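Residue strings, one per chain:
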Amino acid sequence: MVASYEESRRKRLEENRKRMEALNLPQLSQALHKSPSPSPSPLKHVKSRTIQKQLVVVRRSSRVANMPAPVYKEVPIERVAIPRRVYNRHRDYSNRVYASQEAREEALEKADKLMSDLESKYPTFIKTMLQSHVSGGFWLGLPVWFCKKNLPKRDEVITLIDDDGNEYPTIYLPRKTGLSGGWKGFAVAHNLADGDALIFQLIKRTAFKVYIVRVNSPPEGNQLQ
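For helix α3 (residues 101-116), which comprises 16 residues, the first-to-last C-alpha distance of 23 Å matches the rise-based estimate of 22 Å (1.5 Å per residue) to within 8%. Turning to α3, its buried residues number three or more, namely A103, R104, A107, K110, A111 and L114. All buried residues of α3 project into a common sector of 130° when viewed along the axis, lining one side. Opposite the packed face of α3, turned more than 90 degrees from it, sit the exposed residues Q101, E102, E109, K113 and S116. As for α3, its buried residues are in contact with β1 (124-128), β6 (197-204) and β7 (207-213).

Right under this line is the structure:
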């Protein structure tokens, strides 16, 4: 059996050799071994770009050629501002006292009567105080109709004058129709409380005379603070 296997193997090798010769494969293999290997393509040399900087003399008029060059500075724009006062930032809100609706209406009636006794040539309105006006936020919104008719159209410093003649500058914001910075100083200085009724009398373009009617004030008490 070994002899028959070797014989069949020899026959397959011979058949394969004849097929390769028929396809001309031996000559092709020798030609590939003899051909020189392709030489690698030379690398392209990239020239580095050199950026040259030159100082250029700015041309100036002959009239100012001998004068020193101008120096430009930023000019700050003045903004509406008022001096800041230092207050106790740690206020105790647990002791807030809220006025009853009856007490509010009573203070409002007293303020309305007082306003009728004032000079009518000055624009006037009444504002009842809330907790947001006298504690916490310290923002005072004014009647829109009054602002559009009587107050400036841009941010201004509006002075509040109390009955003793003391002046308190505040920032008026027409976009929000209210008093912002400075209002806290007035509220704290006069110990305003929830339910107080304030009369604002516009005695100048940017100045209010302010009358305070205290909530729960005695009938015969002094109402001007």
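Within the open sheet, the seven strands sit side by side as β1-β6-β7-β3-β4-β5-β2. Their pairing is mixed. Edge positions in the sheet fall to β1 and β2 (140-141), since each of these pairs with one other strand and no more. When strand β3 (residues 156-161) meets β7, the two strands line up parallel, connected through three bridges. Bridge pairing in β7 places L160 opposite F208.

What follows deals with the pattern of salt bridges. Tallied over the full model, the rule gives nine salt bridges. Between R10 and E7 there is a salt bridge, and its shortest N-O distance comes to 2.5 Å. Separated by three residues within a single helix, R10 and E7 lie in helix α1 (residues 2-22), roughly one turn from each other. Here R10 falls in the partly exposed class, since its relative accessible area comes to 45%.

With that out of the way, let us pick up the environment of A189. With respect to the helices, strands and loops of the structure, A189 is situated in helix α6 (residues 183-189). With 21 residues separating them in the primary sequence, A189 and Y168 have C-alpha atoms 9.7 Å apart.

Should pLDDT be low for a region, the predicted coordinates there are not to be read in detail. Across the chain, the average pLDDT comes to 78, with 62% of residues at or above 70. In the model, residues 74-78 has pLDDT below 50 throughout and makes zero contacts with residues more than four positions away in sequence or in other chains. Overall, residues 220-225 carries pLDDT values under 50, and its contacts beyond four positions in sequence, including any with other chains, amount to 12 contacts.

Attention now goes to the nonpolar core. Core analysis: the largest hydrophobic core is formed by 24 residues, its most contacted members being W183 and F208. With residues near it in sequence (within four places) discarded, W183 still touches M129, H133, F138, W139, L140, L160, T170, L192, L198 and F200.

What follows concerns the pairing of strand β4 (residues 167-173). Where burial is concerned, most of β4 is hidden: five out of the seven residues are buried. Relative to β4, β3 runs antiparallel, the two being bridged by six bridges. Bridging from a neighbouring strand, V157 pairs with I171 of β4. With antiparallel pairing between neighbouring strands as the criterion, β3 and β4 make up a hairpin whose turn holds five residues, including G165 at a positive phi of roughly 85°. Between β4 and strand β5 (residues 178-179), which pair antiparallel in sequence order, lie four residues; one of them, T177, sits at a positive phi of approximately 45°.

Definitions and cut-offs
- Residues numbered from 1 in each chain as written.
- Predicted model: local features only at pLDDT ≥ 70, side-chain atom pairs only at ≥ 80, totals over all residues.
- Heavy atoms only, no water.
- Helix = DSSP H or I, 4+ residues; strand = E, 2+ residues; numbered from the N terminus.
- Expected span 1.5 Å × (residues − 1).
- Buried < 20%, exposed > 50% of the residue type's maximum accessible area, 1.4 Å probe, protein only.
- Arc of directions from axis to C-beta.
- Contact = heavy atoms within 4.5 Å.
- Pairing = 2+ DSSP bridges.
- Salt bridge = Lys/Arg side-chain N within 4 Å of Asp/Glu carboxyl O.
- pLDDT = per-residue confidence, 0-100.
- Core = buried A, V, L, I, M, F, W, Y, C linked by side-chain atoms within 4.5 Å.

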